[in-house]
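Breakdown of the fold
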Amino acid sequence: GAVVSQHPSWVICKSGTSVKIECRSLDFQATTMFWYRQFPKQSLMLMATSNEGSKATYEQGVEKDKFLINHASLTLSTLTVTSAHPEDSSFYICSARLQNHGEQYFGPGTRLTVT
Amino acid sequence: GQQVMQIPQYQHVQEGEDFTTYCNSSTTLSNIQWYKQRPGGHPVFLIQLVKSGEVKKQKRLTFQFGEAKKNSSLHITATQTTDVGTYFCAGPRYSSASKIIFGSGTRLSIRP
């Protein structure tokens, strides 16, 4: 149980274009999902918290207009990187938490390369 | 702000040797979680410790939560090549318990 999927697993895009990443909880409902970014050889940094049916909450320093989050259902959250630039190249990982449980279950991640 | 640090940053051991990573938080934690991330992979939950002084074992892995609930350790006995990866501790955010803050991680590599 507690499987989270992400799509795509990797994507290459040109500077200035937008990229959408999907995160799905496959066997449970997730009212809250989290989006992280991980640069090479670094730890995971929380970008935003995605809440089903309401606006996402963003961490300090993360531009909400650049990283658009939509959590339209209890099993799907999307992150859209708008007007991507090379510095946005990173490993983006989503996670979901079972209700009343502390641990988070992570998706396999999406490796974004902006050329 | 709240920080969770791990030492060492890297550890390279001979297969069969033991390995320990230490996790230190700037604030008291209600619980501590440990995750393992294989190279190119995503973090996988290993365990959660809740009680002060708690010790839990998973086969060759031993997890401890400090008495003050500000530090923790993960010890692997007789490492195997399958243990390769980065080990992260994580704890609830001081400002919002539903979010977790990850430690800096310890990368373990093993000589066969």
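Look above for the structure.
No experiment lies behind these values; they were computed from the predicted model shown.

**Things to note about the environment of Gly40(B)**
Residue and element names in this part refer to chain B. By the secondary structure assignment, Gly 40 is in the loop between β4 (32–37) and β5 (43–49). A relative accessible area of 64% means that Gly 40 is categorised as exposed. It is 9.3 Å that separates the C-alpha atoms of Gly 40 and Gly 85, two residues lying 45 residues apart in sequence.

**Description of the environment of Thr106(B)**
Residues and elements named next belong to chain B. Within the secondary structure, Thr 106 sits in strand β11 (residues 106–111). Each C-alpha atom of the pair Thr 106 and Tyr 87 lies 5.3 Å from the other, and the pair is 19 residues apart in sequence. When near neighbours in sequence (up to four residues on either side) are disregarded, Thr 106 contacts Gln 6, Ile 7, Pro 8, Gln 9, Phe 19, Thr 21, Gly 85, Thr 86 and Tyr 87. A polar side-chain atom of Thr 106 sits 2.8 Å from a polar atom in the side chain of Thr 21.

**Structural notes on the sheet that holds strand β3 (residues 19–25) of chain A**
Residues and elements named next belong to chain A. As summarised here, the arrangement of the four strands in space is β1-β3-β8-β7, forming an open sheet in which the pairing is antiparallel. A strand with exactly one partner marks an edge of an open sheet, and here the two such strands are β1 (4–7) and β7 (67–73). On average, each strand axis in the sheet is tilted by 15° relative to the strand beside it, whichever way the strands run. The sheet contact formed by β7 and strand β8 (residues 76–81) spans five bridges and is antiparallel. When the bridges of β8 are listed, Ser 73 appears paired with Leu 76.

Rules behind the numbers
- Within each chain, residues carry numbers counting from 1 in the order of the written sequence.
- The order in which chains are written sets their letters, starting at A; the order in which ligands are written sets their numbers, starting at 1.
- Note on the predicted model: pLDDT of at least 70 is required for a residue's local features to be given, and 80 or more for side-chain atom pairs to be given and counted; whole-chain, interface and lining totals, by contrast, use all residues.
- For side-chain calculations, the full set of non-hydrogen atoms in the structure is used, while hydrogens and water are omitted.
- Secondary structure is summarised from DSSP: a helix means a run of H or I of at least four residues, a strand means a run of E of at least two, and numbering begins at the N terminus for each.
- Under the scheme applied here, a residue whose accessible area is under 20% of the maximum for its type counts as buried, over 50% as exposed, and between as partly exposed, the area being computed with a 1.4 Å probe on protein chains only.
- Residues are treated as being in contact if the distance between any of their heavy atoms lies within 4.5 Å.
- As used in this structure description, the phrase polar contact means that two N or O atoms lie within 3.5 Å; if the pair is within protein, one of them must be able to donate a hydrogen and the other to accept it, and residues adjacent in sequence are counted only when both atoms belong to side chains.
- Between any two strands, pairing holds if DSSP finds at least two bridges.
- Helix axes use the C-alpha atoms of the stretch in contact, all axes being lines fitted to C-alpha atoms, and the angles between their N-to-C directions lie in the range 0 to 180 degrees.

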